[in-house]
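Survey of secondary and tertiary structure
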Amino acid sequence: MLNLKTVCVVVMAMAVAGCASHNAGPETRAAHRPNVVLIVADDMGYADAGFQGSTDIPTPHLDRIAREGVRLTDAYVTFPVCGPSRAGFITGRHQDRFGSSVNPTIDPTVPNGVPASELMISEMLKEAGYRTMAVGKWHLGTYEGLRPLDRGFDEFFGFLSGGHDYFADRYTLQDLSEVRKRWDWYRTKLLHNDERIEAEGYLTDLLSDAAVEFIAREHEADPYFVYLAYNAPHTPMQATDEYLARFNHIENKDRRTYAAMMAAMDDGIGRVLEAIDQRNDAANTLVVFFSDNGGARNNASRNTPLRGYKSDPFEGGVRVPYIMRWPVAIAPGTVYERPVSTMDVAGTVAAAIDRPTSGKPLDGVDLIPYLGSRRVDDPHDAIFWRWHRDGRFAVRAGDLKLIAYDDSSRPAMLFDLATDPSERRNLLSGEDANDQTRADANRLRELANAWISELVPPAYPGLGSWMPR
Ligand code: CA
């Protein structure tokens, strides 16, 4: 691994940003406000990238981000499904603090998204003078006032619902008002800003094109923020023949399609990186990539060696692939193994632009001091998850993780993730149970109870509750 001095030399050689930013405080960094490119995958498996050790799905462009930046091995989303997870990372505050606890319905007549009283990263950056664009899956509110252009984005290209068909010739509905049955919302025409457009081609490519086009506008000044939210590799399982042909060696049809969908996304990310290079922006651009939750049971993803899938409280539901690149602030080839949150993107960005800490406190923290070893403690005392419907919670503090119910008479599970990342050995049952493990479980329960007391109930109905008229 290169040391920091080498990084400075490299950065100086690129003559893009001062080496001082590496060691100096936020003041200096704010003088060189980074571009921010936040790329999110949907339902991608923990094991399914080259940088995560995958052998059947090569992801050379994602691997480049990891190689030139940091791979965070123990990175968590705030909930193991799309909507709440996105509400958490886009605000940097846990979504249960403001009721965005379930996947919102796509009913455009109900106030069903992140409330306007919460500040999104886009609003933070817009206020700081960034030009901003959201591309792809929104899923943060279809209601007037909660859509991308209402939330600090200058521009939007994509769709408002939580998923979408991939082939544009299937987009036969003008908008959500024409939806008559479940999943029809996957076939609306795409939106460019407020306008429904006719499109041709494969959705993942179209989203990559839109992000590249925005970054590549030479006449536009820095800094910029691009939120590129692919719906790949979420169902429906649809890939182009060109990409499927790359994976003829994979026998299982769903796995082959999943691999092809991943490859299209990875190629698109390669083009985004190239667009950043073309502007000579690489050194001072924070590029972040993660999945919004763990791999799902229905898309042939793999979360090996983690237990469980999307929706589960186990690591396979909540721990995700997570990489960041920001050459002036993060040494290349860094591997960081302490627990972090996707909410930390907002914390890192807030520090990068030297945003005053007044206003609602963020749950996300600035990761840069931790990645650079200036801080050796854990970024978070604990990381929490909440399931309102059945009164369940999970908490990780240090390497211990408790999954339990509010009703303490119901069976709970305690795992030591340092020795048992696959969560196979419940320390509260059988011969592993003892006074110490019970005391540990009680300590974690108390942490969770204190956190839960700060939360509010879900503010709107879930996706399953809406039947089209
Ligand atoms: Ca998802």
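It should be emphasised that the depicted structure is a prediction, and the values quoted were computed from it without experimental measurement.

Parameters and conventions
Here the residue index of a chain counts from 1 through its sequence in written order. Only residues with pLDDT of at least 70 get local features here, since the model is predicted, and only at 80 or more are side-chain atom pairs given and counted; chain-wide, interface and lining totals rely on the full set of residues. The side-chain numbers reported here are obtained from all heavy atoms of the structure, hydrogens and water having been left aside. Whenever a helix is involved, its axis is fitted only over the stretch in contact; in every case the axis is a line through C-alpha atoms, and angles between N-to-C directions fall within 0 to 180 degrees. Every helix listed is a DSSP run of H or I at least four residues long, and every strand listed is a run of E at least two residues long, numbered separately from the N terminus. Here roughly perpendicular refers to angles of 65 to 115 degrees, roughly parallel to angles under 35, roughly antiparallel to angles over 145, and oblique to all remaining angles. In this description, contact between two residues means that some pair of their heavy atoms is separated by no more than 4.5 Å. Asp, Glu, Lys and Arg are counted as charged, while Ala, Val, Leu, Ile, Met, Phe, Trp, Tyr, Cys and Pro are counted as nonpolar; the rest, among them Gly, fall into the polar class. Here a donor is an N, O or S atom found within 2.8 Å of the metal, or within 3.2 Å if the metal is Na, K or Ca; sites may look incomplete because water is not among the atoms. Classification of residues uses two cut-offs on accessible area relative to the type maximum, computed with a 1.4 Å probe and protein chains only: under 20% is buried, over 50% is exposed, and between them is partly exposed. A carboxyl oxygen of Asp or Glu within 4 Å of a side-chain nitrogen of Lys or Arg is what we treat as a salt bridge. Buried Ala, Val, Leu, Ile, Met, Phe, Trp, Tyr and Cys residues form a nonpolar core when they are joined through side-chain atoms within 4.5 Å.

To characterise two packed helices, one gives the angle between the axes of the helices and the distance between these axes. Remark: helix H4 (residues 60-68) packs on helix H9 (residues 253-278), axes separated minimally by 7 Å, with the N-to-C direction vectors making an angle of 50 degrees. With respect to H9, the axis of H4 lies oblique. Of the residues in H9, those touching H4 at Pro60, His61, Leu62, Arg64 and Ile65 are Asp266, Asp267, Ile269, Gly270, Leu273 and Asp277. Among the residues forming the contact of H4 with H9, the class breakdown is five nonpolar, two polar and four charged.

Moving on, we come to the coordination of the calcium ion. Here the calcium ion is held by the protein donor atoms Asp42 (OD), Asp43 (OD), Cys82 (SG), Asp292 (OD), Asp292 (OD) and Asn293 (OD1), which lie 2.2 to 2.6 Å from it. Look at where the donors of the calcium ion fall in the sequence and you get D-D-x38-C-x209-D-N. Pair noted here: Asp43 is in the loop between strand S1 (35-41) and H4 and Asp292 is in the loop between strand S9 (285-291) and helix H10 (315-318), with a separation of 249 residues, a long-range link. When sorted by exposure, Asp43 lands in the same class as Asp292, which is buried.

What follows deals with the side chain of Asp440. Following the sequence through the fold, Asp440 ends up in helix H13 (residues 435-452). Since its relative accessible area comes to 14%, Asp440 is described here as buried.

Close approach of charged atoms lets side chains of opposite charge pair. Overall, the coordinates contain 42 salt bridges when judged by the stated rule. Of the charged contacts in the structure, one is a salt bridge between Asp406 and Arg386, with a shortest N-O distance of 2.9 Å. With a gap of 20 residues between them, Asp406 in the loop between strand S15 (400-405) and strand S16 (413-416) and Arg386 in strand S13 (residues 383-387) connect regions that are remote in the sequence. Owing to a relative accessible area of 39%, Asp406 belongs among the partly exposed residues under this scheme. The partner of Asp399 in a salt bridge is Arg396, and the shortest N-O contact between them spans 2.8 Å. The exposure class assigned to Arg396 is buried, which follows from its relative accessible area of 2%. One continuous salt-bridge network, built from bridges that share partners, spans Asp74, Glu315, Arg319, Arg338, Asp378, Arg396, Asp399, Lys401 and Glu423.

Topologically, Gly294 is positioned in the loop between S9 and H10. Along the backbone, Gly294 and Tyr224 are 70 residues apart, and their C-alpha atoms lie at a distance of 29 Å. In this structure, Gly294 is in contact with Asp43, Met44, Asn303, Lys310, Gly316, Gly317 and Val320, ignoring residues within four places of it in sequence.

A few words on the environment of Gly158. Looking at the element boundaries, Gly158 is found in strand S5 (residues 155-159). Residue classification places Gly158 among the buried positions, given a relative accessible area of 0%. In the structure, Gly158 is positioned 85 residues away from Thr73 in sequence and 30 Å away in space, judged by C-alpha atoms. Discounting residues that sit within four places of it in the chain, Gly158 has contacts with Gly136, Leu190 and Leu191.

A few words now on the nonpolar core. Inside soluble globular proteins, nonpolar side chains tend to come together where they are buried. With 62 residues, the main nonpolar core has Leu38, Leu72, Phe225, Tyr227, Phe290, Tyr322 and Met324 as its most contacted residues. The greatest single-element share of this core, amounting to five residues, is contributed by helix H11 (residues 344-352). If near-sequence neighbours (up to four positions away) are discounted, Leu72 is found in contact with Val320, Tyr322, Ile323, Met324, Tyr336, Val340, Leu367 and Leu371. Counting 54 residues, the second largest nonpolar core, distinct from the first, contains Val135, Ala210, Ile215 and Ala259.

Any functional reading would require information that these geometric values do not contain.
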